[in-house]
Amino acid sequence: MIRVILIAIGLVVLIALARIAYMIVPASGMLTPHEPRLAERCESLEVAPGTEDVTIHPQSGIVFVSAADRRSENPDAGGIWTFDIADPFQTLRYASVDGPDDFQPHGISLWIGDDGRQRLFVINHPLAGGHTVEVFEVDQDWRLFHAETITYPELSSPNDLVAVGPNQFYATNDSRYQSGIMQQLEAYFGLPLAGVSYYDGETGRTAAGGMIYANGINVSADGRMLYVAEFLGRRVNVFERNPETGALTHRRSIPVRTGADNIEIDESGDLWIGAHPRVFDFLAHAEDETALAPSHVIRVDPETGQAVTVLYTHGEELSGSSVGAPFGYQFVVGAVFDSNVLICPRG
């Protein structure tokens, strides 16, 4: 009997070690080496610490940057910045002139109505605790005026969001557990406990689950397809979306062989994804700003699943890229901790 118990314990340990290796080896980047690409042709623009998310107005080229100093406990450290991609060094300014006092922005999404109305949706992680979505009206001078604060129980660990109406949005929850032993187990075993919530303008609900660290999210131009990046799952999930009910139907998953972060979409419908190819380098960078982490931007065709690298740097120009937002013949790269963005040509 004791022998059977020991054999059973041994099998459990082996299975656990195999699962950890299955998650850790790809995350380390050992299986997918990269050569530097394009970074030497990019310009660097200083904005503010933690340029984590970037989105660009599709007609004007006005760039919105979500910035928060994730190494600081200063409640005044966060905000939204804007600049004109055609003249970034002369037009950079702080745009969130009105909003919550405890503002630590994360993922952002710009909604544009048929009548020209514009609203910026921003995930906020107040230092006081909890999570909210802050909604801002965007005026003709690209200033942001706070309109409302939204929170609901299913907004439990939000990372990114995409607005699909003046009061409707989807938000990713990157994990189920935020502390303790379960947080460690969820991360190291790659437990599929993350997902997506949906806010219909009045209430929130869970829209999809079963993901390993859900991260970036975006929607196709016609509003019928939703794309969700899995950072630790190293893939992008494609959902068919019912615009009337908000319901999601999973259609396929696209492997990307990198730690996918925020998703932006170009004029042809391709996905541009900021990524972390070597997760442990990124974790070291999170602890020590002098430790470099690679920056990686890929372009993914959601129809064919083909993924190509458009930018790669070992971290000298920018460490820990989280977004690559395209506009015209350029794209803008932001990072989780660094204070600059890169403005790069589309080669």
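Everything discussed here concerns the structure shown above.
Because the structure is predicted, anything quoted here is derived from the model rather than measured.

J.: Quick question: what am I supposed to make of the overall build of the protein chain here?
T.: From N to C terminus, the protein chain includes four helices and 24 strands. Expected size for 347 residues packed as a compact globule is a radius of gyration near 20 Å; at 20 Å, the protein chain falls within 12% of this value. Each of the three principal axes of the protein chain carries a C-alpha extent, and together these read 75 × 45 × 45 Å. Averaging the coordinates of the 22 positive side-chain charges in the protein chain and doing the same for the 45 negative ones gives two points 9 Å apart.

J.: Honestly, the environment of I150 in this entry has me stumped. Any pointers?
T.: Tracing the chain through its elements places I150 in strand β9 (residues 144-150). On the basis of relative accessible area, I150 is assigned to the buried category, the value being 4%. Taking C-alpha positions, I150 is 27 Å from V47, a pair spaced 103 residues apart along the chain. I150 has contacts with T132, V133, V135, L155, F169 and Y199, leaving out every residue within four places of it along the chain.

J.: Explanation requested: unusual backbone geometry in the structure shown.
T.: The residue Y213 is not glycine, and still its phi comes out positive at about 60°. Residue placement: Y213 occurs in the loop between β13 (204-211) and β14 (214-219).

J.: I'm lost on the state of the cysteines in this one. Help?
T.: In protein structure, a disulfide is the covalent linkage between the sulfur atoms of two cysteines. Enumeration over the complete set of coordinates arrives at one disulfide. Through a disulfide, C42 is tied to C344; the S-S separation comes to 2.1 Å. Residues C42 and C344 share a disulfide whose torsion about the S-S bond is about 110°; that sign makes it right-handed. On the criterion of sequence distance, the pair formed by C42 in the loop between α1 (2-28) and β1 (43-46) and C344 in strand β24 (residues 340-345) is long-range, its members being 302 residues apart. For C42, a relative accessible area of 14% gives the class buried. Owing to a relative accessible area of 1%, C344 belongs among the buried residues under this scheme.

J.: Teacher, can you tell me more about the sheet that holds strand β3 (residues 62-67) here?
T.: Two modes of strand pairing occur in sheets, parallel and antiparallel, and in both the strands are linked by backbone hydrogen bonds. An order of β2-β3-β4-β5 is seen for the four strands of this open sheet, with the pairing classed as antiparallel. Two strands close off the open sheet at either side, each with one partner strand: β2 (53-56) and β5 (93-94). Pairing between β3 and strand β4 (residues 79-84): six bridges, direction antiparallel. Counted as the bridge partner of I62 is D84 from β4.

J.: Just to check I follow, could you spell out the pairing of strand β22 (residues 321-327) for this structure?
T.: On any regular strand, side chains alternate: one points to one face of the sheet, the next to the other face. Burial analysis of β22 places six of its seven residues in the buried class, the great majority of the element. Here β22 runs beside strand β23 (residues 330-335); their pairing, made up of six bridges, is antiparallel. In the sheet register, P326 faces β23, and the bridge partner there is F331. The turn linking β22 back onto β23 is made up of two residues, and G328 within it adopts a positive phi angle of 55°.

J.: It is not clear to me how the pattern of salt bridges should be interpreted in this structure. Could you clarify?
T.: Side chains carrying opposite charge are able to pair once their charged atoms draw close together. Here the structure, examined in full by the defined rule, presents twelve salt bridges. Of the charged contacts, one joins R143 and D139 as a salt bridge, the two residues approaching to 2.9 Å between their closest N and O atoms. Given the relative accessible area of 33%, R143 is considered partly exposed. For R278, the salt bridge identified is with D281, shortest N-O distance 3.0 Å.

J.: Please explain the pairing of β4 as it appears in this structure.
T.: Relative to β5, β4 is paired through two bridges, and the arrangement is antiparallel. Along β5, the bridge assignment pairs T82 with R93.

J.: I keep staring at the sheet that holds strand β10 (residues 158-163) and nothing clicks. Help me out?
T.: A sheet is described by the order of its strands in space; here four strands give the open sequence β10-β11-β12-β13, paired in antiparallel fashion. This sheet does not close on itself; its edge strands, each paired only once, are β10 and β13. Across this sheet, the average inter-strand angle for adjacent strands is 20°, counted without regard to direction.

J.: Is there a simple way to explain the environment of Q168 in this structure?
T.: Here Q168 lies in the loop between β10 and β11 (169-173). Sequence separation of Q168 and G107 is 61 residues, and the distance between their C-alpha atoms is 15 Å. Look past the residues within four positions of Q168 in its chain and what remains in contact with it is V162, A163, Y198, Y199, D200 and G201.

Conventions used here
Residues numbered from 1 in each chain as written. Predicted model: local features only at pLDDT ≥ 70, side-chain atom pairs only at ≥ 80, totals over all residues. Heavy atoms only, no water. Helix = DSSP H or I, 4+ residues; strand = E, 2+ residues; numbered from the N terminus. Rg over C-alpha atoms; globule rule 2.2 N^0.38 Å. Lys, Arg positive; Asp, Glu negative; His and termini not counted. Charge placed at Lys NZ, Arg CZ, Asp CG, Glu CD. Buried < 20%, exposed > 50% of the residue type's maximum accessible area, 1.4 Å probe, protein only. Contact = heavy atoms within 4.5 Å. Disulfide = S-S within 2.5 Å. Pairing = 2+ DSSP bridges. Salt bridge = Lys/Arg side-chain N within 4 Å of Asp/Glu carboxyl O. Axes fitted to C-alpha atoms, helices over the stretch in contact; angles between N-to-C directions.

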